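Residue strings, one per chain:
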Protein chains: 2
Amino acid sequence: MSITTTNTTTTAPTELLRGTRETYAYRRVGSGIRRPLICLQHFTGTLDNWDRAVTDPLASEREVILFDSAGVGRSTGTVPTTVAGMAMHALDFLDALCLTSCDVLGFSLGGMVAQEMAAARPSIVHRMMLVGTAPRGGEDIMHLDKPSLAAPLGDPSLKGYAVLQKIFFAPTSSSQAAGAAFIERLAERAADHDRASGPDVAAAQMTAFREWERATATGVADLGRITQPTLVVNGVHDEMIPVRNSYRLSEGLPNAMLLVYPDSGHGSLFQFHDSFTRQAAAFLASDSPFAPF
Amino acid sequence: MSITTTNTTTTAPTELLRGTRETYAYRRVGSGIRRPLICLQHFTGTLDNWDRAVTDPLASEREVILFDSAGVGRSTGTVPTTVAGMAMHALDFLDALCLTSCDVLGFSLGGMVAQEMAAARPSIVHRMMLVGTAPRGGEDIMHLDKPSLAAPLGDPSLKGYAVLQKIFFAPTSSSQAAGAAFIERLAERAADHDRASGPDVAAAQMTAFREWERATATGVADLGRITQPTLVVNGVHDEMIPVRNSYRLSEGLPNAMLLVYPDSGHGSLFQFHDSFTRQAAAFLASDSPFAPF
């Protein structure tokens, strides 16, 4: 492991680490006595998509490690077409970091990867936060062709991060204002940008969503095997992965607390970053074997 | 108003206050600079059913006021057969206390009364906590004849508070142990007990549940008019008022945060009293016009 730094999310340099499978791009922010927090990103998101309003406060008590999975950003390799494949890369990365226990923040696609990591190697996941995500066999996961998403995604006037403001936030003026502040924060990073995800990344990740959406005979039963204390979070108006999927997670995971934010969509953690980071810090600081905090 | 006291939930004397409609029995616990918190009780519950593990910690920063509605405990009058009728008594009581603004904790039936109060007189309800409850038109509300509830309710070996342990808590050993601790705490009150609710109270309140369960054309729209910051709380395995009703509240109220506890039933606030009171205190201490805290 490299020396602990006190970089901010906006300034942390991108580092590279050789795993057994690929070389992974990552950034480290903050330090502290608590377990490191590994952050797993959303569909087509890279290291540049982490909001300092979420990751910097959490980095005041621990190292926050942002991670590009294989084929994303400057990580080598190709994007797996299953969530389980992505989880293998995350575990490979943690092994290369010599981490045997960490907390995990999985947002959207990253929350699915976190579930697979916890199932595949329970010992390495201490506490888990699953934000704007779904269990295997969930419903209406990332159907970008539905009108509420197809319209902003196909709008040529929305360039770069502007599309995120539309699709991660609710259509109310308050949520859109939070979205505007979010993309302004993302734009603060002035250099050392990640390679933006192209159609190949999107296509492989979309294939993984479709595979994840297929229910299996053991769908909910699988959740029952994930016993780590878990905090499930969503915005009540999430169009990308509707809140019903968070209800299912809360009902199926034996040790999960559910927190749902009003007036917000997929990016509830960015909209209510003060609340989210306060709740997340309290959740992660708990030494109870149970989720409630 | 009487002089502020520092009684505990276990020792607070029962007081009587004449309103314009009835004379109401109540107890006051604690003191502090924050707004008083009015606590509205569940089906057939009296002042004796408040758990000190919930109300005492909240009373460290404010006066907590436990309230018997008309026809319950030592309050005079008859139990209304509508939730709206109960809300009129609660408002009458607050007027008699000369309170023009308070926070409200409504548990189960009490959470329905709180919604009616907020709709009838928005100015008096500052922040609201709705625990184990349902919106108008909710589903499967207090159907005591269904097998999961009829069995413990009809079991002659379960006397007094023991039935609460069965029906307010999940069947897991951890939840039942929390239930056993809960009824032990209730039993600590040694004197000045309320009159237990009889079949007349139960029948009138059950009529009110059936009326509340009937959807109206404006059901969800009505929730949209309740703009107070609200914290909705439930146990994921609530058999009495299933968690789906809390989902509906969170989806319909424009300014509500939802918190769902694992491994717990109707009495999630009693089971996870440390977490609930921490969350509730943070929610009530917020000076934001928005629910997230």
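Residues numbered from 1 in each chain as written. Chains lettered and ligands numbered in written order. Predicted model: local features only at pLDDT ≥ 70, side-chain atom pairs only at ≥ 80, totals over all residues. Heavy atoms only, no water.

Enquirer: Now, about the overall build of chain A: what can you tell me, with residues and values included?
Expert: Secondary structure summary: chain A contains eleven helices and eight strands in total. For a compact globule of 293 residues, the expected C-alpha radius of gyration is about 19 Å, and chain A comes in at 17 Å, within 12% of that figure. The 293 residues of chain A split such that 61% are buried. Put simply, of all contacts in chain A between residues at least 6 apart along the chain, 74% involve residues at least 24 apart. (Helix = DSSP H or I, 4+ residues; strand = E, 2+ residues; numbered from the N terminus. Rg over C-alpha atoms; globule rule 2.2 N^0.38 Å. Buried < 20%, exposed > 50% of the residue type's maximum accessible area, 1.4 Å probe, protein only. Contact = heavy atoms within 4.5 Å.)

Enquirer: Break down the relation of the copies chain A and chain B for me, citing the residues and quoting the values.
Expert: Once turned by 180° and shifted 0.0 Å along the axis, chain A lies on chain B with an RMSD of 0.0 Å. The two molecules are tied by a two-fold rotation axis, judged by turn and shift. Among all residues of chain A, the minimum C-alpha distance to the rotation axis is found for leucine 259 of chain A, at 2.4 Å. Taken together, the interface assignments show that 100% of the residues at the interface of chain A recur at the interface of chain B, consistent with an identical surface on both copies. (Least-squares fit on C-alpha atoms with pLDDT ≥ 70 in both.)

Enquirer: Break down the environment of threonine 78 of chain B for me, citing the residues and quoting the values.
Expert: All names here are of chain B. Looking at the secondary structure, you find threonine 78 in the loop between strand S4 (62-67) and helix H2 (83-96). Given a relative accessible area of 65%, threonine 78 falls into the exposed group. For the pair threonine 78 and glutamate 22, spaced 56 residues apart in the sequence, the C-alpha separation amounts to 9.3 Å. Leaving out residues up to four positions away in the same chain, threonine 78 has contacts with Ala70 and Gly71.

Enquirer: Let's hear about the side chain of asparagine 49 of chain B: which residues, and what values?
Expert: Residue and element names in this part refer to chain B. Examined against the element boundaries, asparagine 49 turns out to sit in the loop between strand S3 (34-40) and helix H1 (52-58). The class for asparagine 49 is buried, based on a relative accessible area of 8%. If we ignore the near neighbours within four places in the chain, the residues touching asparagine 49 are Gln41, His42, Tyr161, Leu164, Phe182 and Leu186.

Enquirer: Give a detailed account of the pairing of strand S4 (residues 62-67) of chain A, specifying residues and quantitative values.
Expert: All names here are of chain A. Most of S4 sits inside the fold, with six of its six residues counted as buried. Relative to S4, strand S2 (residues 23-29) runs antiparallel, the two being bridged by four bridges. Paired with tyrosine 26 across the strands is phenylalanine 67, a residue of S4. The pairing of strand S3 (residues 34-40) with S4 spans five bridges and is classified as parallel. (Pairing = 2+ DSSP bridges.)

Enquirer: Can you lay out the packing of H2 of chain B against helix H3 (residues 109-120) of chain B for me, pointing to particular residues and giving the numbers?
Expert: If you want to describe how two helices pack, look at the angle between their axes and the distance between the axes. Residue and element names in this part refer to chain B. Two elements in contact, H2 and H3, have axes whose closest approach is 8 Å; the angle formed by their N-to-C orientations is 70°. Judged on the interaxial angle alone, H3 and H2 are roughly perpendicular. Seen from H2, the contacting residues are Val83, Ala84, Met86, Ala87, Met88, Ala90, Leu91 and Leu94; seen from H3, they are Leu109, Met112, Val113, Glu116, Met117 and Ala120. A class-by-class count of the residues in the contact of H2 with H3 yields 13 nonpolar, no polar and one charged. (Axes fitted to C-alpha atoms, helices over the stretch in contact; angles between N-to-C directions. Parallel < 35°, antiparallel > 145°, perpendicular 65-115°, else oblique. Nonpolar A, V, L, I, M, F, W, Y, C, P; charged D, E, K, R; others polar.)

Enquirer: Before we move on, could you go through the interface of chain A and chain B and cite the residues and values that matter?
Expert: Contacts between the two partners involve 21 residues from chain A and, on the opposite side, 21 residues from chain B. Together chain A and chain B conceal approximately 1900 Å² of surface at their shared face, both sides included; 60% is due to carbon and sulfur atoms. On the chain A side of the interface with chain B, the three residues burying the most area are Tyr247, Pro262 and Pro292 of chain A, jointly 24% of the side's total. Across the contact surface, chain A and chain B share nine residue pairs in polar contact (both at pLDDT 80 or more). Looking at the side of chain A that touches chain B, the elements that each hand over two or more residues are helix H9 (244-252), strand S8 (256-261) and helix H11 (273-285) of chain A. Top contributing element to the side of chain A that touches chain B by residue count: S8 of chain A, with six residues. Residues that form the side of chain A that touches chain B fall into these classes: 15 nonpolar, four polar and two charged. Sheet topology places S8 of chain A next to strand S8 (residues 256-261) of chain B; three bridges connect them, and they run antiparallel. Bridge pairing in S8 of chain B places leucine 258 of chain A opposite valine 260 of chain B. (Buried area = accessible area lost by both parts, 1.4 Å probe. Polar contact = N/O pair within 3.5 Å; in protein donor to acceptor, adjacent residues only side chain to side chain.)

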